[in-house]
Each structure stands twice: as structure tokens, then as C-alpha cells.
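# Structural description and commentary
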Amino acid sequence: MREEDELPLEGQLHKEKSQKNKMLGLILKPYYWFRMLCDEFHWSFVSGVVIIYGINQGLSTGLSKISTQYYMKDEQKLQPSEAQIYSGIIQLPWIVKPIWGLLTDTLPIRGYRRRPYFILAGFLGAFAMLNLSFGHNLQLASALLCLMGGSAAQAVADVTIDACVTENSISHPSLASDMQSLCGVSSSVGQLIGYTISGFLVHLIGSKGVFGVLSIPAALVILVGMMLHEPFIHNVAYRQVGQKFLDACKAMWMALKCENVWRPCLYMYISLALSLHIHEGMFYWYTDAKGGPLFSKEIVGTISSVGAVGYLLGVLLYQNSFKNHPFRFVLFWSQLLYGASGLLDLILISRVNLQFGIPDYVVAVCDAAISHMIGRLRWMPLLVLSSKLCPSGIEGTFFALLMSIDHVGSLTASWAGGLLLHTLNVTRTQFDNLWIAVVIRSFSRVLPIGLLFLVPSSDPTASILPTEMLNRKKGDDNLGAQKLEMTPLVTNIDQHLVDS
């Protein structure tokens with residue numbers, strides 16, 4: 001009898017131990033994933049991704065968005081439509097990302113192609129934020145110049161780390177989605193922290209004080225430039241920089257003429273351009289409308305932090321459930337849900353929630369979480385697609401060009417949204433037509449579904465570009481080792497166009 005009793009007991013203990021191991025494995029799964037990336041790539045690269053995306057972009061975005069909104073509203077006394085248009089102007093440095101990409105690809109500084117640009121970007125960002133923080137009675141033009149300087153610093157750091165990510169995506173195609181997920185997770189966690197503390201910081205030290213805090217992430221970019229592992233380039237031929245620049249431009253033009261490239265680019269631009277931005281109108285209604293919620297700075301920051309959680313959930317959802325699905329499948333459903341989620345703002349504006357006893361804060365939090373999660377789920381396949389459209393030799397430059405196209409789409413959406421708010425007479429105190437803007441925005445978000453035929457129907461793990469664009473000729477000089485042999489690349493692309 002004792003032996004019979006011991007057998008079920010041993011089985012139960014084994015089952016409990018197995019469950020504990022599964023639970024421990026689930027908890028340690030992110031650690032093993034991060035360690036795997038460090039083993040496949042150099043630790044300095046993975047750390048650089050976390051600092052650039054997580055701190056310099058994620059955390060800084062969370063802090064700067066709220067502080068800039070209050071700065072434009074309280075310090076500069078702008079109307080919602082004006083603030084919406086100026087928010088697009090601040091992002092202009094991101095549109096010229098191909099220039100920064102060309103510089104990193106073709107113009108090494110003191111023997112390095114990436115590290116010096118991180119250092120320059122860090123100093124520029126720190127100077128711009130400190131000047132904005134300590135400047136007294138800055139005119140709107142001066143303030144915009146400083147904000148654009150901070151944006152330019154982020155853009156230079158972004159395009160430089162993008163070049164590193166794209167190079168590794170081509171050398172490790174099976175890990176392309178994992179690297180984009182690392183970028184997305186870092187950015188989302190950074191935004192979560194930034195948005196969570198942004199409202200409290202603006203309340204405690206003011207919007208200008210927060211700008212001073214933003215000089216710290218910029219300084220960390222300098223650290224990335226100092227520690228990044230990068231091979232030293234001997235005997236750099238600076239006299240050939242002009243020719244390399246022209247070759248890179250020609251290579252980009254040749255690549256854009258390829259049908260497999262320009263069709264997805266066109267879809268990405270139209271998809272973003274039709275996602276009209278009216279968030280400045282919503283922000284003014286949140287904080288100023290007599291009949292609105294009148295949210296405090298802390299609540300506005302908290303709502304945005306929940307949106308960052310939605311971003312993170314979108315990344316995790318894509319990584320665990322949708323990364324192996326065809327691009328068209330994910331984009332169809334995410335675009336459809338993205339349009340539907342925009343209608344959630346109507347619940348707040350119409351105040352229907354109060355009739356059912358639901359607080360404004362609860363509705364705003366749910367709206368932020370759902371809309372941001374779907375927005376990130378819609379954005380992730382576009383990022384993976386962009387990383388697979390970059391020909392060898394101009395990875396950083398061409399990825400910057402693709403992101404520039406995306407930012408032109410966002411700028412178009414921002415200016416169109418500002419024009420829409422102005423046309424509907426949405427001001428600092430007048431919000432009667434804000435609901436019309438919400439309906440128009442939600443409808444326009446669904447329209448890109450009709451253009452999904454422009455997106456490849458292939459599996460995300462498959463190569464999209466022709467093999468001629470992915471082949472890299474190995475030269476005998478140092479430039480061949482740098483993946484900068486533009487002339488063979490142009491020849492290969494040109495030959496593909498002739499064959500097709």
C-alpha cells in the first residue's frame with residue numbers, strides 16, 4: 001500500500017515541478033531572447049538599440065510630447081490648428097533622413113562611419129534642449145528652431161542606428177523581425193516611462209524644466225558613439241566622397257524604379273497621409289473646454305502612458321502571433337480596426353459615457369490603449385517590410401529614404417489635420433465641430449485598404465528584392481569591406497531593370 005501511495009505522490013510532485021519550470025521559463029523568456037540577440041550580435045549594438053530607441057526616442061518622446069503641447073498652449077498661446085501645423089514643422093528634420101543616411105554611408109569621420117555621428121547628434125540635442133530650457137521669452141521662431149534642432153539630433157541618431165539594424169537584418173534575415181521587435185519593445189517601454197512621469201514633471205518644474213531634463217538622453221547618445229563596436233577604416237579616400245555620394249543617389253534611384261520597391265513605398269505614404277492627425281484639437285478639448293473633461297497635467301500624462309502600454313502590447317502581439325503572417329493579412333485587419341478605433345473619441349466628445357455613469361478618465365484610458373495598440377500592430381509589418389526593401393551597399397541610406405517617405409506621409413497627415421481643424425473652426429474655446437473631424441479622420445484611415453494590392457503578398461521571412469540587389473561584390477580595398485561599392489550595385493540594379 002505504501003508503494004502505491006508513493007507513486008501518485010511522486011507523480012504529483014513531478015507535475016508541480018514541471019509547472020514551476022514552465023512558469024520560470026515563461027518569466028525568463030525575455031531574458032533568454034535578449035541574451036540570444038547579444039550572442040548573435042555585439043553587445044554594444046544591442047545596448048545602442050536600447051539607448052537610442054528606448055531612451056533617446058522612447059523616453060524623450062514621452063517627455064517632449066506633453067511638455068511641447070503645454071509649451072505651445074501656455075507659453076506661446078497658439079490655436080489648436082496652429083499647434084497641429086507647427087508640430088509637423090518640428091518633424092521636418094526627419095524628412096531629410098536620406099541626407100544623414102548618405103553621410104553615414106559615404107563619409108567616414110576619423111576612420112569610422114557610425115560612431116562620430118552618434119557623438120555629433122548627442123551634442124546637438126543637448127545644446128538645443130538646454131538653450132530652450134534656459135532661454136527667456138523666446139520668440140516662436142527661436143523656440144521652433146530649438147525644437148527642430150532637438151528633432152534633428154534624434155533623426156541623425158535614428159538613421160545611424162537604423163543603418164546598423166538594417167545591415168544586421170541583411171546578414172541575419174531570420175532575425176529581422178526579432179530586431180524590429182527589440183526596437184519596438186525598447187521604444188514602447190521608454191515611452192511608457194516617459195509618459196508616466198511627464199505630467200508630474202510638467203506640473204512640478206514646468207514645460208521648460210522638462211526640456212532641461214531632455215538634455216540627459218541626448219548626452220547618452222554620445223556614450224553610444226564612444227562604446228559602439230565598429231571596425232576602423234584605414235586610408236579613407238575623402239576625395240572620392242563626392243563620387244560615392246552621386247553613386248549612392250543613382251543606386252537609390254535605380255532601386256526606387258524597381259516595381260518591388262516603389263509599390264510598397266507608395267502604399268506606406270498613402271496609408272500614413274490618410275491617417276489625419278487631429279490630436280492637438282483633442283488635447284485642447286481635454287484640458288480647456290468648459291464642457292469637456294478638464295484633465296489635469298498628471299491625468300494627461302497618465303493617459304499617454306496607457307497609450308504607451310498599448311504600443312507595447314501591439315509589439316508583443318505582432319511578435320508572438322502575427323510576425324509570420326503575410327503582410328496583406330495583417331495590414332488589412334489592422335487598418336480596418338485602426339479606423340474603427342478612431343470612433344472611440346466620439347464617446348467622449350458626445351459625453352454619452354456620463355449617461356451610463358462611466359467616468360471620462362476610464363473612456364480616455366481605454367481609447368488610448370486600444371488605438372495605440374492597433375496603431376503599433378499596423379506599423380510593425382511596415383517596419384519589417386521596409387527593412388527588406390534595402391539593397392546591399394546603401395542599407396542605411398535607403399532605409400532612411402523609406403523612413404523619410406513615411407515622415408512625409410505623417411507630415412501630410414499633420415498639416416491636413418491642422419487644415420481640417422481650421423476649416424471646422426476648432427479653436428481654443430470652440431469645439432462644436434470637433435466630432436466631425438473625428439468622423440472624417442476615422443473614415444480616411446480605412447481608405448488604404450483599397451490599395452493593399454501594392455503590398456507584397458509574400459511571407460515576411462522571404463526575400464522581396466531580386467537576388468541582384470542583394471549580391472555584394474567583394475573588393476580588395478577597404479571600401480569593399482564597408483559595403484560601399486556603389487558602382488557594382490548600380491550595375492546589378494540596372495541589369496535587373498533591363499532584364500525585367
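Residues numbered from 1 in each chain as written. Predicted model: local features only at pLDDT ≥ 70, side-chain atom pairs only at ≥ 80, totals over all residues. Heavy atoms only, no water.

Under the convention used in this document: UniProt positions are given in the numbering used here, feature names are shortened, and annotations may be inferred rather than shown by experiment.
The protein chain carries the name Folate-biopterin transporter 3 in an unreviewed UniProt entry, which gives Nicotiana tabacum as its organism. UniProt lists a comment for the protein chain under the heading Subcellular location (unreviewed entry), and it reads "Membrane".

## Digging into the overall build of the protein chain
For clarity, the cut-off: Helical segments are the DSSP runs of H or I of at least four residues, strand segments are the runs of E of at least two, and each set is numbered from the N terminus. Burial classification: accessible surface area is computed with a 1.4 Å probe over protein chains only, and a residue below 20% of its type maximum counts as buried, one above 50% as exposed, and the rest as partly exposed. Whether two residues are in contact is decided by their heavy atoms: any pair within 4.5 Å suffices.
Helices and strands together make up the secondary structure of the protein chain, namely 22 helices and 0 strands. For the protein chain, the residues scored as buried account for 52% of the 500 residues in total. Long-range contacts, defined as pairs at least 24 residues apart, comprise 86% of the intrachain contacts of the protein chain with a sequence gap of at least 6.

## With respect to unusual backbone geometry
One non-glycine residue, Lys-77, adopts positive backbone phi at about 55 degrees. For Lys-77, the position within the fold is in the loop between helix H2 (43-75) and helix H3 (80-90). On the accessibility criterion, Lys-77 (55% relative accessible area) is exposed. Backbone geometry places Leu-294, a non-glycine residue, at a positive phi of 55 degrees. Secondary-structure assignment places Leu-294 in the loop between helix H12 (279-288) and helix H13 (297-322).

## Focus: a nonpolar patch on the surface
As a reminder, the rule being used: Each patch groups residues whose relative accessible area exceeds 30% and which form no salt bridge, using 9 Å between like charges and 5 Å between nonpolar side chains of Val, Leu, Ile, Met, Phe, Trp and Tyr. In this description, accessible areas are obtained by the Shrake-Rupley approach with a 1.4 Å probe, and a residue is regarded as covered only by the protein chains that are shown. When a carboxyl oxygen of Asp or Glu is within 4 Å of a side-chain nitrogen of Lys or Arg, the pair counts as a salt bridge.
Side chains of Ile-347, Val-352, Phe-356, Ile-358, Tyr-361 and Val-362 sit close together on the surface and give an oily, nonpolar patch of about 500 Å² of accessible area. The residue Ile-358 is located in the loop between helix H16 (352-355) and helix H17 (360-387) in this model. By relative accessible area, which is 36% here, Ile-358 ends up partly exposed.

## Considerations on helix H5 (residues 97-106)
Most of H5 is tucked away, with 7 of its 10 residues classed as buried. The set of residues buried in H5 consists of Lys-97, Pro-98, Gly-101, Leu-102, Thr-104, Asp-105 and Thr-106.

## Some remarks on the UniProt feature "transmembrane region" (unreviewed entry) in the protein chain
Summarizing the sequence annotation, UniProt attributes the feature "transmembrane region" (unreviewed entry) to residues 41-63, 117-134, 211-229, 266-287, 299-318 and 330-349 in the numbering used throughout. Taken end to end, residues 266-287 is 77% helix and 0% strand, and its two terminal C-alpha atoms sit 37 Å from one another. The span residues 299-318 shows a helical share of 100% and a strand share of 0%, and its end C-alpha atoms are spaced 29 Å apart.

## With respect to the packing of helix H6 (residues 115-134) against helix H7 (residues 140-171)
Threshold: Here an angle of 0 to 180 degrees is reported between the N-to-C directions of two axes, which are lines fitted to C-alpha atoms, with helices fitted over the stretch in contact. Every angle not falling under 35 degrees, over 145, or within 65 to 115 is termed oblique; those three ranges are roughly parallel, roughly antiparallel and roughly perpendicular. Two helices crossing with the near one rotated counterclockwise from the far one by less than a right angle form a left-handed crossing, whereas a clockwise rotation gives a right-handed crossing. All residues other than Ala, Val, Leu, Ile, Met, Phe, Trp, Tyr, Cys, Pro, Asp, Glu, Lys and Arg, Gly among them, are scored as polar; the first ten of these are nonpolar and the last four charged.
Remark: H6 packs on H7, axes separated minimally by 8 Å, with the N-to-C direction vectors making an angle of 160 degrees. In terms of axis orientation, H6 runs roughly antiparallel to H7. Two packed elements cross with a definite hand, and for H6 against H7 that hand is left-handed. For the pair H6 and H7, the contacting residues are Tyr-117, Phe-118, Ala-121, Leu-124, Gly-125, Ala-128, Met-129, Asn-131 and Leu-132 in the first and Ala-143, Cys-146, Leu-147, Gly-149, Gly-150, Ala-152, Ala-153, Val-156, Ala-157, Thr-160 and Ile-161 in the second. The residue makeup of the contact of H6 with H7, split by class, is 15 nonpolar, 5 polar and no charged.

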